[in-house]
Amino acid sequence: MVDFEECAQMLDEIADDMPYELYRELNGGISLLPQAKLHPQSLNNDLFILGEYIRNSLGNAIVLYYGSIARVYGGLSREALYKQLVRILHHEVRHHNEYLAGCDDLEFWDDEQITNYLKTHQKDD
């Protein structure tokens, strides 16, 4: 697994390659935090939040969690990890742009993924 600094550099590169217009009203920017973050509905401490789109009184921001990324993708090659970081950042930027457009399609998709996770893991019990 790449270290925190290299992961941050990779994310900067990915963000720089995306059209600047996608970041309009993203006044809180994009941050990489060192910790892992478990999803509140994780049944076996195995469902991690890789990134979040956050809207609050301070504005709009994207936060990615290095610890979660390391837990989920730590065994990948640098190239494979880079592809996953692209996927994660694109996902969160899409949340931002859907919010601006008044659309919730990706939120519904995320909810469906959690429902599928819960069904799959409850069968295992």
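The following refers to the structure shown.

What counts, and where the lines are drawn
Residues numbered from 1 in each chain as written. Predicted model: local features only at pLDDT ≥ 70, side-chain atom pairs only at ≥ 80, totals over all residues. Heavy atoms only, no water. Helix = DSSP H or I, 4+ residues; strand = E, 2+ residues; numbered from the N terminus. Rg over C-alpha atoms; globule rule 2.2 N^0.38 Å. Buried < 20%, exposed > 50% of the residue type's maximum accessible area, 1.4 Å probe, protein only. Contact = heavy atoms within 4.5 Å. Areas by Shrake-Rupley, 256 points an atom, 1.4 Å probe, with all protein chains shown as cover.

1. What about the overall build of the chain?
Alright, step 1. Per the secondary structure count, the chain includes four helices and three strands.
Alright, step 2. Counting from the amino terminus, the chain carries its helices and strands in the arrangement α-β-β-β-α-α-α.
Alright, step 3. Taken against the 2.2 N^0.38 rule, which gives 14 Å for 125 residues, the C-alpha radius of gyration of the chain at 15 Å falls within 12% of a compact globule.
Alright, step 4. Along the longest, intermediate and shortest principal axes, the C-alpha atoms of the chain span 45 × 35 × 25 Å.
Alright, step 5. Counting all 125 residues of the chain, 40% fall into the buried class.
Alright, step 6. Look at the contacts in the chain between residues 6 or more apart in sequence, and 65% of them connect residues 24 or more apart.
Alright, step 7. Carbon and sulfur atoms make up 49% of the accessible area of the chain, which amounts to about 7,700 Å² in all.

2. Focus: unusual backbone geometry
Alright, step 1. We note that Glu-25 has phi near 65°; this positive angle belongs to a residue other than glycine.
Alright, step 2. In this structure, Glu-25 sits in the loop between helix H1 (4-17) and strand S1 (30-33).
Alright, step 3. By relative accessible area, Glu-25 is classed as exposed at 55%.
Alright, step 4. In the Ramachandran plot, Asn-45 falls in the positive-phi region, its phi being about 50° despite a non-glycine side chain.
Alright, step 5. With respect to the secondary-structure elements, Asn-45 resides in the loop between S1 and strand S2 (51-56).

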